[in-house]
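Fold and geometry: a report
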Amino acid sequence: MMRSSRLRDLRPLAVALLFALVAGCGGQKARSGPAAPTWFNSPPKGARSLFFVGSASGAADEHMARDLAVQKALSELTVFCGAQIKSDFKSEEVERNGQLTQSVELTVDIAGDELTIREAVVKATESGPASDGGWDAYALVEWPKSQYEAVLASQRQRAERALAAFLEAEAASKAMRVAEASTRLKEAKKILGPMKAQVPLDSERFPNSGLLWDAVEALKARLANQDKERRKVFHVAVECSEDGKPAPCAEHRVGAVKEEVSKDGFKVSSAAVSSDVARQILASANPAADAMVRSAGFVLAVHYDAKLTAKEDGFTFVHCGGRGVIYDTDADRIIQVSEVKPKKAGHVNFKGAQDKSCGEVEKALTGWLAKTLPTLQ
């Protein structure tokens with residue numbers, strides 16, 4: 001029959017424990033106390049239980065020495081679980097059939113999950129006075145393996161979530177979706193960060209959470225370098241039209257735009273985006289960007305539109321207008337636009353008039369780029 005129960009909050013002992021540890025590190029005279037029991041140096045092993053030991057020295061009285069030893073044993077238990085203590089220990093002494101049993105519990109934090117360690121029982125304590133007038137004590141705490149398995153299951157669930165987030169980050173990185181990859185990596189790191197123990201994972205690549213953590217850190221570093229390099233690169237697409245129909249662009253017209261991008265400290269990608277992507281950007285619509293498009297930090301799309309307006313007295317007159325659009329592949333949006341109103345020019349033939357009028361547009365667009373590109377560095 002249960003005869004009595006007493007619940008105690010051991011919060012004040014935290015300060016005493018710190019004091020005892022600091023005092024033990026000082027240059028004190030040699031002291032002697034009770035010998036450590038056999039089970040302290042060789043804790044028992046059980047099929048259904050785990051055992052943890054703790055010791056305390058120099059406590060003010062016997063009662064405090066025992067409680068400090070119990071707290072240190074429980075601290076060993078939390079380290080074994082890979083947990084962080086979240087709140088103070090609580091101790092309950094229960095008398096059953098003339099036997100006094102002390103059970104203890106504490107709240108811990110495991111990777112952001114709060115959990116109460118229960119069913120830990122103080123199996124044995126030994127204490128005695130020391131030569132310096134203080135008290136020494138030893139404690140043995142027993143904890144059911146079933147409780148530890150529940151904690152381990154919780155940790156595995158967290159680690160599996162971290163693994164899923166990492167694999168999503170890896171896939172996003174391969175697809176050059178840098179922002180998404182960074183978000184998933186932060187999620188994985190947030191889950192794994194507080195976990196102190198290595199947890200087994202059902203993965204051939206990452207058999208435990210320690211290896212997964214290393215992979216997260218490595219991908220984070222690669223992603224940072226990848227992103228840094230990408231932000232210095234432009235895809236450049238130049239589209240031309242004559243009288244509303246697509247037409248080839250003069251090489252010097254394309255070269256002038258690329259040269260301006262290079263002058264402002266950016267690299268011009270050797271890869272070419274498709275005309276469909278360029279036209280979507282020119283229409284101020286976010287393109288269906290694939291990994292190739294996202295391999296550069298930005299896409300510059302330029303359009304020259306030449307239209308025959310008149311033929312008079314042996315002269316051909318052409319109006320050429322232009323548009324420049326910069327698309328940020330990370331933000332997935334248009335960030336800069338320049339419209340150049342049509343410029344009129346005349347020549348004896350269409351090509352001559354077109355070159356003169358589009359040349360004025362080119363000056364306007366390269367001037368816009370010279371002012372805009374430095375703001376993207």
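Up top is the structure.
Once that is clear, we can look at the overall build of the protein. Assigned secondary structure in the protein consists of 9 helices and 13 strands. A total of 377 residues make up the protein; the buried ones form 44% of that total. Here the analysis covers contacts within the protein between residues at least 6 apart in sequence; of these, 66% occur between residues at least 24 apart. A total accessible area of about 19900 Å² is found for the protein, and carbon and sulfur atoms account for 51% of it.

Counted under the stated rule, the structure contains 9 aromatic pairs. Relative to Phe 206, the ring of Phe 166 lies with its centre 5.4 Å away and its plane at 90°, an arrangement referred to as edge-to-face. A residue pair is termed long-range when its members are at least 10 positions apart, and Phe 166 in helix H4 (residues 145–174) and Phe 206 in the loop between helix H5 (178–192) and helix H6 (209–230) qualify at 40 residues. Here the basic side chain of Arg 253 rests over the ring of Tyr 304, its NZ or CZ set 5.6 Å away from the ring centre. The cationic tip of Lys 344 hangs over the ring face of Phe 317; the distance from NZ or CZ to the ring centre is 5.0 Å.

Further remarks concern the pattern of salt bridges. Per the counting criterion, the structure on display carries 19 salt bridges. One continuous salt-bridge network, built from bridges that share partners, spans Asp 227, Arg 230, Arg 231, Asp 328 and Asp 330.

Quick look at the environment of Leu 163 now. If you trace the backbone, Leu 163 turns up in helix H4. Judged by relative accessible area, which is 7%, Leu 163 ranks as buried. With 40 residues separating them in the primary sequence, Leu 163 and Ser 203 have C-alpha atoms 8.9 Å apart. Residues in contact with Leu 163, not counting those within four places in the same chain, are Ser 203, Phe 206 and Leu 212.

This next bit is on the pairing of strand E13 (residues 333–347). Where strand E12 (residues 315–328) lies against E13, 12 bridges are found, and the strand directions are antiparallel. Bridge pairing in E13 links Thr 316 to His 347. In this structure, the hairpin formed by E12 and E13 is closed by a connection of 4 residues, where Asp 332 is found at a positive phi of approximately 55°.

By the secondary structure assignment, Ser 203 is in the loop between H5 and H6. Side-chain polar atoms of Ser 203 contact the backbone nitrogen of Phe 206, separated by 3.1 Å.

Moving on, we come to the side chain of Arg 323. Along the polypeptide, Arg 323 turns up in strand E12. On the accessibility criterion, Arg 323 (17% relative accessible area) is buried. Among the polar contacts made by the side chain of Arg 323, one reaches the main-chain carbonyl oxygen of Leu 282 at a distance of 2.6 Å. Residues contacting Arg 323, with those up to four places away along its chain left out, are Leu 282, Ser 284, Ala 301, Val 302, His 303, Val 337, Ser 338, Glu 339 and Leu 365.

With that settled, consider the pairing of strand E11 (residues 298–312). One ladder, built from 9 bridges, connects strand E8 (residues 233–242) with E11; its direction is parallel. Residue pairing for E11: Ala 237 is matched across the bridge by Ala 301. Sheet topology places E11 next to E12; 14 bridges connect them, and they run antiparallel. By the bridge assignment for E12, Tyr 304 is matched with Gly 322.

Cut-offs applied
- Residues numbered from 1 in each chain as written.
- Predicted model: local features only at pLDDT ≥ 70, side-chain atom pairs only at ≥ 80, totals over all residues.
- Heavy atoms only, no water.
- Helix = DSSP H or I, 4+ residues; strand = E, 2+ residues; numbered from the N terminus.
- Buried < 20%, exposed > 50% of the residue type's maximum accessible area, 1.4 Å probe, protein only.
- Contact = heavy atoms within 4.5 Å.
- Areas by Shrake-Rupley, 256 points an atom, 1.4 Å probe, with all protein chains shown as cover.
- Phe/Tyr/Trp six-rings, centres within 6.5 Å; stacked < 30°, edge-to-face > 60°.
- Lys NZ or Arg CZ within 6 Å of the ring centre and 35° of its normal.
- Salt bridge = Lys/Arg side-chain N within 4 Å of Asp/Glu carboxyl O.
- Pairing = 2+ DSSP bridges.
- Polar contact = N/O pair within 3.5 Å; in protein donor to acceptor, adjacent residues only side chain to side chain.

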